[in-house]
Amino acid sequence: MDKDRIKWFNDYFKKDTGAIDAQYQEYVDADLALIKKRAFQLLSISEADLIDVPIILLAPETLDTKNPVQYKLAKKDDLDEMVLQYNQSLVTMLFLGHDQLYYYQVNIDHRFPFLANDVAGEVLYFDIINIEASVELDDVIDARKEYVDLQLWLSDGGALPFRLRERLFTGELEAVLLTKEEEKVLTKLRKTIRERRILK
């Protein structure tokens, strides 16, 4: 157990606002590299089975109810922009194969790091009949959070839900609903599924 890492997270999340620290992203990137290896093993795949780089989605989710997720609104140095950071995540990785979409999810507490609740699976592109994107609030009257969700509806009536974003609701009417990164993810996924589910 890395005591220095635990101390860093505890100190960094003492305040829920502050300047962004690059160390946070370094820890998260190291976690994601570990998670990707874990995903490949559970899915029995390698880079050779994929046609593109993986789509990686993170959303805050409490792993241990006795220690709920902590948030921090961190300000970027070069931009007048706040980034929502958190010490626990639900990580989703989508891997684009030649004929199927591979998916993997796991909960992680970035402080240790500790991983649990792995889920891995695959679905043929041909079996995906609808790609649904939605933008919702946690409460219509007193909204605090805004969610962007993606659901892949399958031919058997089931669905695969994925969260693209969870952020604090600003209350402002926005003409552009998605960030550039979210739009890129949706476009790549839609394009791949549309092209690959056509009968050959």
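In what follows, the structure referred to is the one given above.
Keep in mind that this is a model prediction, so the values were computed, not measured. (Residues numbered from 1 in each chain as written. Predicted model: local features only at pLDDT ≥ 70, side-chain atom pairs only at ≥ 80, totals over all residues. Heavy atoms only, no water.)

I keep staring at the sheet that holds strand β2 (residues 55–60) and nothing clicks. Help me out?
In a beta sheet, neighbouring strands pair by backbone hydrogen bonds and run either parallel or antiparallel. Overall, antiparallel pairing links the 4 strands, which are arranged β2-β5-β6-β7 in an open sheet. At either end of the open sheet lies a strand with only one pairing partner, and these are β2 and β7 (114–124). Strand-to-strand, the axes of this sheet are offset by a mean angle of 15°, without reference to chain direction. In this structure, strand β6 (residues 100–109) lies alongside β7, joined through 9 bridges in antiparallel fashion. Looking across to β7, one finds that Gln100 is bridged to Leu124. Strands β2, β5 (88–96), β6 and β7 of the sheet are contacted by helix α2 (residues 22–43), whose axis makes an angle of about 130° with β6. (Pairing = 2+ DSSP bridges. Helix = DSSP H or I, 4+ residues; strand = E, 2+ residues; numbered from the N terminus. Axes fitted to C-alpha atoms, helices over the stretch in contact; angles between N-to-C directions. Contact = heavy atoms within 4.5 Å.)

Which parts of the structure should I look at to understand the pattern of salt bridges?
Pairs can form between side chains of opposite charge whenever their charged atoms are close. Tallying each qualifying case throughout the model produces 11 salt bridges. The shortest N-O distance in the salt bridge between Asp109 and Arg111 comes to 2.6 Å. Ionic pairing is found between Glu182 and Arg165, a salt bridge with its closest N-O pair at 2.7 Å. Taken together, the residues span a long stretch of sequence, with Glu182 in helix α3 (residues 180–196) and Arg165 in strand β10 (residues 159–168) at a distance of 17 residues. Residue class for Arg165 comes out buried when judged on its relative accessible area of 6%. Linked through salt bridges whose partners overlap, the residues forming this network are Lys7, Asp11 and Lys14. (Salt bridge = Lys/Arg side-chain N within 4 Å of Asp/Glu carboxyl O. Buried < 20%, exposed > 50% of the residue type's maximum accessible area, 1.4 Å probe, protein only.)

Just to check I follow, could you spell out the sheet that holds strand β3 (residues 71–75) for this structure?
A sheet is described by the order of its strands in space; here 3 strands give the open sequence β1-β3-β4, paired in mixed fashion. In the strand order of this sheet, the two ends are held by β1 (17–19) and β4 (82–86), each with one partner. With strand direction ignored, the average angle separating the axes of adjacent strands in the sheet is 35°. Of the pairings in the sheet, the one linking β1 to β3 comprises 3 bridges and is parallel in character. If you follow Thr17 over to β3, its bridge partner there is Leu73.

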